[in-house]
Amino acid sequence: DNLGAAQAELLRRERMKRDLEIAAQVHKSILPLSFPDVPGLEFAAKARPAREIGGDLYDVIDMGQNQIGIVMADASGKSVQAAIYMAVVRALFLSETNANLSPFETAHRIHNLLMHVSTAEMFVTAFYATLNNTTRRMKYIRAGHDRPVYYHAATSQTSLLDPPGRFLGLFPDLI
């Protein structure tokens, strides 16, 4: 009996380890390998999950019409569920950025879609910005995400972008 129980436990652990490896591959596959080439700008990012798997997302999306979308987001939890949820969130951002809406409108649309598919345990924090390549004007929204650091190369000054905002997919009203 003890040998059978030990073998069953070993098999359970191996399956869990394999599930985590698959989820880590899913998470890694949703992160971009490269960013759009925009004259005068450089984009770089690196994700380091706190555990075997995380729910982090970053992307720079060419929206056309001299517009770039910049996304940084983090799903609640550090699990297989968070990785899968973030895959859904990335798909929503890719879909909604094609509409060329303001960051506010984009965040609201994604929030409303998440409210239909998420549970009370799942939500996402996000920073989403649109950048006009010609005018270099950036509009952004922060939905409960850590405050991004803005670096102005001409002056070598940094500042924190700190607009208010609530998590996406958690409460019925975003504002």
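An account of the accompanying structure is given in this report. (Residues numbered from 1 in each chain as written. Predicted model: local features only at pLDDT ≥ 70, side-chain atom pairs only at ≥ 80, totals over all residues. Heavy atoms only, no water.)

1. Brief notes about helix α2 (residues 80-97)
Then comes step 1: With 18 residues, α2 extends 26 Å from end C-alpha to end C-alpha; this agrees with the ideal 26 Å at 1.5 Å per step.
Then comes step 2: For α2, the set of buried residues is Ala82, Ala83, Tyr85, Met86, Val89, Arg90, Leu92, Phe93, Glu96 and Thr97. (Helix = DSSP H or I, 4+ residues; strand = E, 2+ residues; numbered from the N terminus. Expected span 1.5 Å × (residues − 1). Buried < 20%, exposed > 50% of the residue type's maximum accessible area, 1.4 Å probe, protein only.)

2. As for the environment of Leu161
Then comes step 1: Within the secondary structure, Leu161 is located in the segment after β6 (157-160).
Then comes step 2: Residue classification places Leu161 among the buried residues on the basis of a relative accessible area of 11%.
Then comes step 3: Placed 13 residues apart in sequence, Leu161 and Pro148 show a C-alpha to C-alpha distance of 5.6 Å.
Then comes step 4: Leu161 has contacts with Phe127, Met138, Tyr140, Arg142, Arg147, Pro148 and Tyr150, leaving out every residue within four places of it along the chain. (Contact = heavy atoms within 4.5 Å.)

3. Some thoughts on the packing of aromatic side chains
Then comes step 1: Enumeration over the complete set of coordinates arrives at five aromatic pairs.
Then comes step 2: Measuring from centroid to centroid gives 5.4 Å for Phe93 and Tyr128, while their planes differ by 45°, and the two rings are tilted. Taken together, the residues span a long stretch of sequence, with Phe93 in helix α2 and Tyr128 in strand β3 (residues 124-132) at a distance of 35 residues.
Then comes step 3: Given the relative accessible area of 1%, Tyr128 is considered buried.
Then comes step 4: Each member of the aromatic cluster is reached from another via a ring pair, and the members are Phe35, Phe43 and Tyr58. (Phe/Tyr/Trp six-rings, centres within 6.5 Å; stacked < 30°, edge-to-face > 60°.)

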